[in-house]
Amino acid sequence: GMADVHGIEHVTQEEREWLATQLTILLTTSPVPFNPSTRLLQEVLLSGSLIPGLIQCSKVIVCDGVRDGGDQDNFRRGYVTRASLSK
């Protein structure tokens, strides 16, 4: 597997701790149809456990906001209806 090729299974605790002091993960999120569920954010953050030391890094979640979509949602562009906002 990929871990075998790159040797990430042999990362020491010291290397993991060093990574956590050197790296902050920025995760940008936009409106999605299943808001206010945090399931997608949780899955992305938990995927950090695939790389040793990544899960210990600081994380910043950036929410890029929404715009009034009138009577039709367009989540890819950040437009949401008032009904979606009220969820």
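About the thresholds
Residues numbered from 1 in each chain as written. Predicted model: local features only at pLDDT ≥ 70, side-chain atom pairs only at ≥ 80, totals over all residues. Heavy atoms only, no water. Helix = DSSP H or I, 4+ residues; strand = E, 2+ residues; numbered from the N terminus. Buried < 20%, exposed > 50% of the residue type's maximum accessible area, 1.4 Å probe, protein only. Areas by Shrake-Rupley, 256 points an atom, 1.4 Å probe, with all protein chains shown as cover. Salt bridge = Lys/Arg side-chain N within 4 Å of Asp/Glu carboxyl O. Pairing = 2+ DSSP bridges. Right-handed = clockwise from strand over helix to strand, strands pointing away. Polar contact = N/O pair within 3.5 Å; in protein donor to acceptor, adjacent residues only side chain to side chain. Contact = heavy atoms within 4.5 Å.

A.B. asks: Before we move on, can you summarise the overall build of the protein chain with the specific residues and values?
C.D. replies: A count of helices and strands for the protein chain gives 4 helices and 4 strands. The N-to-C order of helical and strand elements in the protein chain reads α-α-β-α-β-β-β-α. When the 87 residues of the protein chain are sorted by exposure, 16% land in the buried category. Counting only carbon and sulfur atoms, one obtains 56% of the accessible surface of the protein chain, whose full area is about 6700 Å².

A.B. asks: Please set out the pattern of salt bridges residue by residue, giving values where relevant.
C.D. replies: Enumeration according to the criterion identifies 2 salt bridges in this entry. Notably, a salt bridge pairs arginine 39 with glutamate 43, separated by 3.1 Å at the nearest N-O pair. On the criterion of helical spacing, the pair formed by arginine 39 and glutamate 43 is a turn pair, its members being 4 residues apart in helix α3 (residues 39–46). By relative accessible area, which is 45% here, glutamate 43 ends up partly exposed. One salt bridge connects arginine 82 with aspartate 68, and the closest N-O pair in it is separated by 3.3 Å. Placement of the pair is arginine 82 in helix α4 (residues 82–85) and aspartate 68 in strand β3 (residues 67–68), with a sequence separation of 14 residues. In this structure aspartate 68 comes out as partly exposed when scored by relative accessible area, which is 47%.

A.B. asks: Hey, could you go over the environment of glutamine 13 for me, with residue numbers and the actual values?
C.D. replies: You can see glutamine 13 is positioned in helix α2 (residues 13–22). Classification of glutamine 13 as partly exposed rests on a relative accessible area of 48%. Separated by 39 residues in the primary sequence, glutamine 13 and proline 52 have C-alpha atoms spaced 8.8 Å apart.

A.B. asks: Break down the pairing of strand β2 (residues 58–63) for me, with residues and values.
C.D. replies: Note that strand β1 (residues 24–29) and β2 share 6 bridges and pair parallel. Within β2, the residue paired with isoleucine 25 across the bridge is lysine 59. Traced from β1 through α3 to β2, the parallel crossover comes out right-handed.

A.B. asks: Hey, could you go over the side chain of serine 84 for me, with residue numbers and the actual values?
C.D. replies: Considering the arrangement of structural elements, one finds serine 84 in helix α4. Classification of serine 84 by relative accessible area gives buried; the value is 17%. Polar side-chain contacts of serine 84 include one of 2.8 Å to the side chain of aspartate 73. Beyond its immediate chain neighbours, meaning those up to four positions away, serine 84 contacts Asp73 and Phe75.

Limitation: the analysis is restricted to geometry and does not speak to function.
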